[in-house]
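Coordinate inspection notes
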Amino acid sequence: AAPLQVRLVVPMTVVFGPGSVPRDLSRPLPFRDMQEMEISVNLRTSVTSRYEMRYRSTTAQEEAALSAATAREADAALHPLQDTTMGSLTMYVVPETSSLLPQGINVYVGKQRSALVRAVGSLAALQARLREVTQLMSFTAGSIAAALSDRVPSAQLGPDARRNLKSSLGYEITFSLLNPDPKSHTVDWDIEGAVNRYVKPVLDKLSLVANFSVDSQILYYAVLGVTPRYDKESSSFLLSAHSLPHVINPVEARLGSSAASLYPVLNFLLYVPERSHSPLYIQDKDGAPVSTNAFHSPRWGGIMVYNVEAPASPQASLPLHVDVDMARVMEVFLAQLRLLFGLSREGVPPEFLLESPGNEGLADWELDHLLWAHTVENIATVSTTLTSLAQLLDKIGNIVIKDDVASEVYRAVASVQSAVTKLSLGHLHAAFQASKEAVTSSERAFFDPSLLHLLYFPDDQKFAIYIPLFLPMAVPILLSLAKIVRETRLHRKEPTKMD
């Protein structure tokens, strides 16, 4: 891959409330400071993260906001007073004894781009705590390594890197209801209402990242590829963790959506088990039941098993009518969607309290987290695409590059340079937009029809095709040419003999 140098700049404001200034602060407030960190990727790729911090005291309005009863109320009151530019962060330092943060909680992360941080004695200790919060709210070395996974040795990657979706200009989401036993169950699900109520707010927030399309389908007689095991003790059927990968292939053959799709497809399947295998429960690796009765597959989607209560009287007429509780189902699917986008809140330190993002599905800083990672990934992708294109054009000698292909290449190079510059200025939104334009242009150039036929039609192939056609015609031509040459030679010799 081509050499890549990126500097990620995070503009930060650290605001000290009354009684929270560290004792060993060497300079009077306000002052600026900077911290840099190298993220090791490989020899040809260097990523530097730089936190540009502005330290200051609270204003009278901020002080009033921080005197609220709870962290949530304080955060809501502080929001109109702060910089809400994408990629920027505001940290409010509150005194060690502050009752704003509950007992045992040192950091409260709000829904927007700010956090409340409990003061610690020394500046060094406070900076260590701030660094932890900043990495959670912007990017970690792990999330950047995952974004550059094509350039990183797989041994260095965590499990998330393989689970997270690759950056794309669009995604297609398909909700499928699988009813393998329509003779026993008539299943109704209000998918349209559920998408409008639960999924649309999340996708509206994510629309900045990519275009999304949503569709749904009901598949009858579609069965899982694994026969569940009957458990006598619980008189139920069990699917063990190690059999789950085998569930997807047979089902996927029925889904039929990804074949015609330009973009990655996310599949969310709701499976109503047939009557002969009900109730059906999923077990984890330790054999314990999974509380959601669902599992997800990296970069593919998720499956939830929805059990139907057996009728009270055995004489109940079939098929049973089932109304799916969409709130319960969507809660699981949205959690899986967050996992696929790398927004899981696992592994957050216990002394951190994260505000729930509510019906929007993700906080503003989580959106930034995605943008940081996708911008870096887009820059790396464009760099690789253009390098591949250049190597390819070097190999093909007789190539004619049309003006529109050349202009797409120039546009891609200009956009990717713009994205790198914008990142180094801390302008995350503009950098992401430029990186998206660079991806579009580089792909247009790479997949241009005028280059495609040359890719699949190199010189040696032309000889292989045309020689069999021209050889039969060429034989009589060559023979007659030889005859002409012979005859002219004879004519030249004849006059000398006559003398």
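Thresholds, definitions, all that
- Residues numbered from 1 in each chain as written.
- Predicted model: local features only at pLDDT ≥ 70, side-chain atom pairs only at ≥ 80, totals over all residues.
- Heavy atoms only, no water.
- Helix = DSSP H or I, 4+ residues; strand = E, 2+ residues; numbered from the N terminus.
- Rg over C-alpha atoms; globule rule 2.2 N^0.38 Å.
- Contact = heavy atoms within 4.5 Å.
- Areas by Shrake-Rupley, 256 points an atom, 1.4 Å probe, with all protein chains shown as cover.
- Lys, Arg positive; Asp, Glu negative; His and termini not counted.
- Charge placed at Lys NZ, Arg CZ, Asp CG, Glu CD.
- Domains from an automatic or database assignment.
- Phe/Tyr/Trp six-rings, centres within 6.5 Å; stacked < 30°, edge-to-face > 60°.
- Buried < 20%, exposed > 50% of the residue type's maximum accessible area, 1.4 Å probe, protein only.

Turning our attention to the overall build of the chain. Helix and strand counts for the chain come out as 13 helices and 17 strands. For the chain, the C-alpha radius of gyration of 32 Å lies well beyond 23 Å, the compact-globule estimate for 499 residues. Taken along its principal axes, the extent of the C-alpha atoms in the chain is 130 × 80 × 35 Å. Across the chain, contacts joining residues at least 24 apart in sequence account for 75% of those joining residues at least 6 apart. When the accessible surface of the chain is summed, it comes to about 25700 Å², and 56% of that surface belongs to carbon and sulfur atoms. Where the 44 positive side-chain charges of the chain centre and where its 51 negative ones centre are 7 Å apart.

Here the domain parsing of the chain yields domain 1 (165–341), domain 2 (364–451) and domain 3 (457–494). Each of domain 1 and domain 3 has a C-alpha centre, and these two points are 69 Å apart.

Scanning the entire structure with this criterion turns up 13 aromatic pairs. Residues phenylalanine 139 and tryptophan 372 carry aromatic rings whose centres are separated by 5.1 Å and whose planes lie at 65 degrees to one another, so their mutual orientation is edge-to-face. One end of the pair, phenylalanine 139, is in the loop between α3 (123–137) and α4 (141–147); the other, tryptophan 372, is in helix α9 (residues 364–395), and 233 residues separate them in sequence. Owing to a relative accessible area of 1%, phenylalanine 139 belongs among the buried residues under this scheme. For the pair phenylalanine 268 and phenylalanine 333, a centre-to-centre distance of 5.4 Å together with 40 degrees between the ring planes defines the contact as tilted. With phenylalanine 268 in strand β12 (residues 265–271) and phenylalanine 333 in helix α8 (residues 326–340), this pair connects stretches of sequence that are 65 residues apart. On the accessibility criterion, phenylalanine 268 (1% relative accessible area) is buried. Residue classification places phenylalanine 333 among the buried residues on the basis of a relative accessible area of 2%.

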